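Here is what each chain is made of, one letter per residue.
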Amino acid sequence: LGLAYLFQHRRKECQQVIDQWTKLKSNSAGIAGGLGFCLICAGEYDRGYAMLSESIQLNPYYQWWFNAGLSIYHFQKSEYEDAVYWAEKIQRQSVPWELIFKIASYVQLDRIDDAKACLIELHENIPDLTHKLLPIVSAFLQSEELINRLLTAIRKADLQ
């Protein structure tokens, strides 16, 4: 339900679901990690990071998209090497998030050649990327500031 609200950009309802689940004090590490991911995407970075990190420590066989949450967190905190590390762990070629976070982080690290190589791959995977990038990036990220930072970095790589 939290993920559904996140995709609908109903941030308040998403956070209410998470707060209700937290009150239950469930021992489900998988659900805690998923809710941590939701919180990060909703802009509650530190709270989401704490839940997601604890979940991964309790269950090292977690869902791949938890890595995306950690990459988002580290990018938002300007910890770009860590953002690249977690993006590389996504390892889902059909999902553009690995490349998006690597491009944006590489630009911030002034590793333009690496960013451009990832951008070429992203263009190959997503025809008409120019028109699809905003809907992809804003599909579940709630922070306009974060979305703009990602898009600006990707455009910078595209212009160089």
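Keep in mind the model is a prediction, meaning the values are calculated, not measured.

### Details of helix H4 (residues 45-58)
Side chains three or four residues apart in an α-helix point the same way, a direct result of the helix having 3.6 residues per turn.
Point 1. Taking 1.5 Å of rise per residue, 14 residues should cover 20 Å, and H4 covers 20 Å from first to last C-alpha, within 8% of that figure.
Point 2. Turning to H4, its buried residues are Tyr45, Gly48, Met51, Leu52, Ser53, Ser55 and Ile56.

### Quick notes on the packing of aromatic side chains
Aromatic ring pairs: the centre-centre distance and the angle between the two ring planes describe each pair.
Point 1. Summed over all chains, the structure comprises nine aromatic pairs.
Point 2. Each ring, one from Phe37 and one from Phe140, has its centre 5.4 Å from the other, and the planes form 45°; the classification is tilted. In this pair, Phe37 is assigned in helix H3 (residues 29-41) and Phe140 in the loop between helix H9 (129-137) and helix H10 (144-159), connecting sequence segments 103 residues apart. Grouping residues by exposure puts Phe37 and Phe140 together as buried.
Point 3. Between Trp97 and Phe101, the ring centres sit 5.1 Å apart and the planes meet at 25°, which makes this aromatic pair stacked. Placement of both Trp97 and Phe101 in helix H7 (residues 97-108) is noted, with a separation of four residues, approximately one turn of the helix.
Point 4. An aromatic cluster of at least three residues, connected via ring pairs, comprises Phe37, Tyr62, Trp65, Phe66, Trp97, Phe101 and Phe140.

### Quick word on the packing of helix H5 (residues 65-76) against helix H6 (residues 80-88)
Point 1. One way to put it is that H5 packs onto H6 with a least axis distance of 8 Å and a crossing angle of 170°. Here H5 lies roughly antiparallel to H6, going by the angle between them. Where H5 abuts H6, its residues Asn67, Leu70, Ser71, His74 and Phe75 lie against Tyr80, Asp82, Ala83, Trp86 and Ala87.
Point 2. Residues of the contact of H5 with H6, tallied by class, amount to six nonpolar, three polar and one charged.

### Thoughts on the environment of Lys89
Point 1. Mapped onto the elements of the fold, Lys89 is located in the loop between H6 and H7.
Point 2. Relative accessible area serves as the criterion here: at 32%, Lys89 is assigned to the partly exposed category.
Point 3. With 51 residues separating them in the primary sequence, Lys89 and Cys38 have C-alpha atoms 19 Å apart.
Point 4. Excluding anything up to four places from it in sequence, Lys89 contacts Tyr62 and Asn67.

### Observations concerning the nonpolar core
Point 1. Membership of the largest hydrophobic core comes to 59 residues, with the highest contact counts inside it found for Ile72, Trp97 and Leu141.
Point 2. No other element matches the eight residues that H7 contributes to this core.
Point 3. For Leu141, the residues in contact, after removing those within four places along its chain, are His9, Cys41, Ile72, Trp97, Leu146, Ile147 and Leu150.

### Regarding unusual backbone geometry
Point 1. The phi torsion at Gln91 lies on the positive side, around 50°, for a residue other than glycine.
Point 2. For Gln91, the position within the fold is in the loop between H6 and H7.
Point 3. Accessibility expressed as a relative area gives 60% for Gln91, which makes it exposed.
Point 4. Of note in this structure, Asp128 is not a glycine but carries a positive phi near 60°.
Point 5. With respect to the helices and strands, the residue Asp128 is situated in the loop between helix H8 (112-125) and H9.

Scoring rules and cut-offs
- Residues numbered from 1 in each chain as written.
- Predicted model: local features only at pLDDT ≥ 70, side-chain atom pairs only at ≥ 80, totals over all residues.
- Heavy atoms only, no water.
- Helix = DSSP H or I, 4+ residues; strand = E, 2+ residues; numbered from the N terminus.
- Expected span 1.5 Å × (residues − 1).
- Buried < 20%, exposed > 50% of the residue type's maximum accessible area, 1.4 Å probe, protein only.
- Phe/Tyr/Trp six-rings, centres within 6.5 Å; stacked < 30°, edge-to-face > 60°.
- Axes fitted to C-alpha atoms, helices over the stretch in contact; angles between N-to-C directions.
- Parallel < 35°, antiparallel > 145°, perpendicular 65-115°, else oblique.
- Contact = heavy atoms within 4.5 Å.
- Nonpolar A, V, L, I, M, F, W, Y, C, P; charged D, E, K, R; others polar.
- Core = buried A, V, L, I, M, F, W, Y, C linked by side-chain atoms within 4.5 Å.

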